[in-house]
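Descriptive analysis of the structure
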Amino acid sequence: MFNQDTVPPALLNRHTTKAGSWAKIWVISGQLGYKILTETPEEHRLTPDFSGIVEPKIFYCVELCGPVEFYVEFYSLSS
């Protein structure tokens, strides 16, 4: 579980998952900006009702929007 004071610095900058893995960002309280850094960048506002999906090898970052509590779950595409 992370909050605005404990978010890992790597998540605030250009970051990616490894090949064969993906992640889901869950917001427990507050809001979190989520940027997908592709040729056609996307920006989303994550909330407890709207989670973020991090695709394999796609660069992304999160942006603090005030007080927030969130966590990241990682998954593997291999069986």
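Our structure is the block above this text.
Now for a description of the structure that goes with this document.

Parameters at a glance
Residues numbered from 1 in each chain as written. Predicted model: local features only at pLDDT ≥ 70, side-chain atom pairs only at ≥ 80, totals over all residues. Heavy atoms only, no water. Helix = DSSP H or I, 4+ residues; strand = E, 2+ residues; numbered from the N terminus. Buried < 20%, exposed > 50% of the residue type's maximum accessible area, 1.4 Å probe, protein only. Contact = heavy atoms within 4.5 Å. Pairing = 2+ DSSP bridges. Core = buried A, V, L, I, M, F, W, Y, C linked by side-chain atoms within 4.5 Å.

Within the element layout of this structure, Ser21 appears in strand β2 (residues 21-36). According to the relative accessible area criterion, Ser21 is buried, its value standing at 17%. If we skip the residues at most four places from it in the chain, Ser21 touches Glu55, Pro56, Tyr75 and Ser76.

Bridging between β2 and strand β3 (residues 42-46) involves five bridges; their strand directions are antiparallel. Of the residues in β3, the one forming a bridge with Lys35 is Glu43. Between the end of β2 and the start of β3, which pair antiparallel, lie five residues.

With two bridges joining them, strand β1 (residues 2-3) and strand β5 (residues 60-76) adopt antiparallel strand pairing. Residue pairing across strands places Phe2 opposite Phe70, the latter belonging to β5. Both β2 and β5 contribute to a ladder of 14 bridges, which runs antiparallel. What sits directly across from Gly33, in β5, is Glu63.

Here we take up the nonpolar core. Membership of the largest hydrophobic core comes to 15 residues, with the highest contact counts inside it found for Leu11, Ile25, Leu32, Tyr34, Val62 and Phe70. Mapped by element, the contributors of at least two residues to this core are β2 and β5. A total of six residues in this core trace back to one element, the largest contributor, which is β2. Not counting residues within four places of it along the chain, the set of residues in contact with Val62 comprises Val7, Leu11, Leu12, Ile25, Leu32, Gly33 and Tyr34.

Shape descriptors only; they carry no functional weight alone.
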